[in-house]
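A look at the structure
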Amino acid sequence: MDSGEIAARMRVAEALARDAGRLALDLRTDRPRLDIRRKGPQDVVTAADVAVERMLVTALRSRFPGDGILGEEEGGGARPGAPCWVVDPIDGTSNYARALPHWCVSIALVIDGRTEVGVIHEPAADALYAARRGAGATRDGLPLRIGRTDDLASAIVDVGYSARTPAGAYGALVSDLLQRGVGVLNCGSAALGLARVADGRLDGYAERHLYAWDALAGLLLVEEAGGRTRPFLDGDAMTTGNETIAATPELFATLVDVMSAHRP
Ligand code: LIP
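Since this is a predicted model, take the numbers as computed values, not measurements. (Residues numbered from 1 in each chain as written. Predicted model: local features only at pLDDT ≥ 70, side-chain atom pairs only at ≥ 80, totals over all residues. Heavy atoms only, no water.)

**Points about the pattern of salt bridges**
What counts, and what does not: We define a salt bridge as a side-chain nitrogen of Lys or Arg found within 4 Å of a carboxyl oxygen belonging to Asp or Glu. By the criteria applied, helices consist of DSSP H or I runs no shorter than four residues and strands consist of E runs no shorter than two, each listed in order from the N terminus. A simple rule labels every residue: compare its accessible area, found with a 1.4 Å probe on the protein chains alone, to the largest value its type can have, and call it buried under 20%, exposed over 50%, or partly exposed in between.
Evaluated as defined, the whole model comprises 16 salt bridges. Arg 196 is the salt-bridge partner of Glu 122, the closest N and O atoms lying 2.8 Å from each other. Taken as a pair, Glu 122 in strand β7 (residues 114–122) and Arg 196 in helix α5 (residues 190–198) lie far apart in primary sequence, 74 residues in all. Residue Glu 122 shares its accessibility class with Arg 196, and that shared class is buried. A salt bridge links Glu 243 to Arg 208; the nearest nitrogen and oxygen atoms lie 2.7 Å apart. With Glu 243 in strand β15 (residues 242–247) and Arg 208 in strand β13 (residues 204–210), the pair connects residues that are 35 residues apart, well separated along the chain. In this structure, Glu 243 and Arg 208 share a single accessibility class: buried. What you see here is one network of salt bridges that share partners, running through Arg 208, Arg 230, Glu 243 and Arg 263.

**Describing unusual backbone geometry**
A positive phi angle, near 55°, is found at Gln 42, a position not held by glycine. We classify Gln 42 as exposed; its relative accessible area is 72%.

**Notes on the site of the ligand**
For the record, the criterion: By convention in this text, a residue qualifies as near a molecule or strand provided that one of its non-hydrogen atoms is within 4 Å of it. Identification of polar contacts relies on pairs of N or O atoms within 3.5 Å, with a donor-acceptor requirement for protein atoms, meaning one able to donate a hydrogen and the other able to accept it, and with residues adjacent in sequence counted only if both atoms are side-chain atoms. Methods summary: accessible areas were calculated by the Shrake-Rupley approach with a probe of 1.4 Å, and residue burial reflects only the protein chains presented.
In the vicinity of the ligand there are 16 residues, among which Glu 72, Asp 91, Gly 92, Thr 93 and Glu 207 approach most closely. Arg 164 is positioned such that a nitrogen or oxygen atom in its side chain is 3.3 Å from an oxygen atom of the ligand. Between an oxygen atom of the ligand and a main-chain N or O atom of Ala 190, the distance comes to 2.9 Å. Relative to its unbound accessible surface of 380 Å², the ligand loses 91% to contact with the protein. Secondary-structure elements contributing two or more residues to the shell around the ligand are β5 (84–91) and β13.

**Structural notes on the side chain of Asn 95**
Definition in use: Contact criterion: two residues are considered in contact whenever any of their non-hydrogen atoms come within 4.5 Å of each other.
Its place among the elements puts Asn 95 in helix α3 (residues 93–97). Excluding residues within four positions of it along the chain, Asn 95 makes contact with Leu 100, His 102, Cys 187, Gly 188 and Ser 189.

**A closer look at the packing of α5 against helix α6 (residues 212–224)**
Rule in force here: Angular values range over 0 to 180 degrees, each being the angle between N-to-C directions of two axes fitted as lines to C-alpha atoms, with helices fitted over their stretch in contact. Working definition: roughly parallel below 35 degrees, roughly antiparallel above 145 degrees, roughly perpendicular at 65 to 115 degrees, and oblique for all remaining angles. Each residue gets one of three labels, nonpolar for Ala, Val, Leu, Ile, Met, Phe, Trp, Tyr, Cys and Pro, charged for Asp, Glu, Lys and Arg, and polar for the others, Gly among them.
With their axes 8 Å apart at the nearest point, α5 and α6 run at an angle of 0° to one another. Viewed along their axes, α5 and α6 adopt a mutual orientation that is roughly parallel. Here α5 contributes Ala 190, Ala 191, Leu 194, Ala 195, Val 197 and Ala 198 to the contact with α6, which in turn contributes Asp 214, Ala 215, Gly 218, Leu 219, Leu 221 and Val 222. When its residues are assigned to classes, the contact of α5 with α6 shows 10 nonpolar, one polar and one charged.

**Remarks on the sheet that holds strand β3 (residues 68–71)**
Spelled out, the test is: We treat two strands as partners when DSSP finds at least two bridges between them.
Reading across the sheet, the eight strands line up as β4-β3-β5-β6-β7-β8-β9-β10 and stay open at both edges, with mixed pairing between neighbours. In the strand order of this sheet, the two ends are held by β4 (75–77) and β10 (142–143), each with one partner. Summarising the sheet, strand β6 (residues 104–111) and β7 pair through seven bridges and their orientation is antiparallel. Within the sheet, the bridge partner assigned to Val 105 lies in β7 and is His 121.

**Observations concerning the packing of helix α4 (residues 167–179) against helix α8 (residues 249–261)**
Convention followed: Handedness of each helix crossing follows the sense of rotation of the near helix against the far helix: counterclockwise by less than a right angle gives left-handed, clockwise gives right-handed.
At a minimum axis distance of 9 Å, the contact between α4 and α8 shows a crossing angle of 140°. Viewed along their axes, α4 and α8 adopt a mutual orientation that is oblique. Helix-helix and strand crossings are classified by hand; for α4 and α8 the assignment is right-handed. In this structure, α4 contributes Leu 173, Asp 176 and Leu 177 to the contact, and α8 contributes Leu 255, Val 258 and Met 259. A breakdown of the residues in the contact of α4 with α8 according to their chemical character gives five nonpolar, no polar and one charged.

**Points about the environment of Pro 83**
As for its position among the elements, Pro 83 is in the loop between β4 and β5. Taking the C-alpha atoms as reference points, Pro 83 and Asp 67, 16 residues apart in sequence, are found 5.2 Å from one another. Non-local contacts of Pro 83, meaning those with residues more than four positions away in its chain, are made with Met 1, Arg 9, Asp 67, Gly 68, Leu 109, Val 110 and Ile 111.

**Observations regarding the pairing of β5**
Summarising burial for β5: eight of the eight residues are buried, a large majority. Where β5 meets β6, six bridges bridge the pair, whose relative direction is antiparallel. Its bridge partner lying in β6, Asp 91 is registered against Cys 104.

**Thoughts on the packing of aromatic side chains**
What counts, and what does not: Stacked, tilted and edge-to-face pairs are distinguished by plane angle, under 30 degrees for stacked and over 60 for edge-to-face with tilted covering the rest, among Phe, Tyr and Trp rings (Trp via its six-membered ring) whose centres lie within 6.5 Å.
Tallied over the entire structure, the rule returns four aromatic pairs. With 4.8 Å between their ring centres and 80° between their planes, Tyr 96 and Trp 103 make a pair best called edge-to-face. The pair formed by Tyr 96 and Trp 103 is uniform in burial state, with each residue classed as buried. Pairing Tyr 161 with Tyr 170 gives two aromatic rings, centres 5.0 Å apart and planes at 50°, and the pair type is tilted. The class of Tyr 170 is buried, set by a relative accessible area of 18%.

Any link to function would need more than the numbers given here.
Have a look at this one:
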C-alpha cells in the first residue's frame, strides 16, 4: 500500500477516534445505563466499551470492507494479506467506570505484520495523538519529541499491572526501580501512558502483559517521537499479547534489564 493510501486511512482513523471519544464521554454521563460488568479481578467492561467499539467497527467496515478488524470487546481478526485495524474503544476502562479522566480511544493499523498508523484520542483533554511510520508523531498537529531525562533519579516511569501476571514479580520490579531512584506510577491506561512517553511527560512505560489493542498505537507514537521500544508483534502476539517496554533512549536499557531481572 503506498504512503498516500496509508495517510488517507490515518485521516479516517483520526476523525473516528475523535467521534468515539465524544460518544464515550456522552455515555459516561448516564451512569445507570453504563452497566459495568467484571471480566476478572480489577478488569471491567461497560456498555460504553461495547457501543463505542460497534460504532468504530461499523464505520471502518463501511469505509474499508476488505480490511480486517480486531477489537478488544468483540474480537474479529486479521484477513490474510489485508490491512488490519486494531481497536481499543476505551483504554483505561477501570478509570472510565469510576469517572477518572485517565482513559482514551486507541486505533492502530497493521499492514504486513507491522504497525503503520497509530491514533489515540484523550477525551478529557480533547487531545489527538497521531503517528504514521516514517512520518513522525503529533499531538493536535504539533510534532512530538521524546524527553531526554538521562538521570535515573529524575526519571518517572508508568508501570502497568493486571491480574494476568503474578503480583510478586510486579512488586519486585517496582521495588527495584524505586531503589535505583526512578519514580514509579501506575495510571491505569497503557495507551495513554505510552502517549505520555511520546510527548515527553513520562520517561518510560512498562507492563508484563498487554494485548495488541492496548499497545500498538502508543508504541508507534513513541518510536516516531524518537524513543525506543521492545518489538511487540512477534509470533502470535497479535492475538495473545506480549510484554511492553518503551522509553527514552537513555532509560531504555535500564528498563529492559529490570524487566528481565524480574520476569516471572
Ligand atoms: C487496560 C490497560 C492497562 C492494563 C489493564 C488493561 P483496558 O486496558 O490499559 O494498562 O493494566 O489490565 O489491559 O482493559 O482498560 O482496555
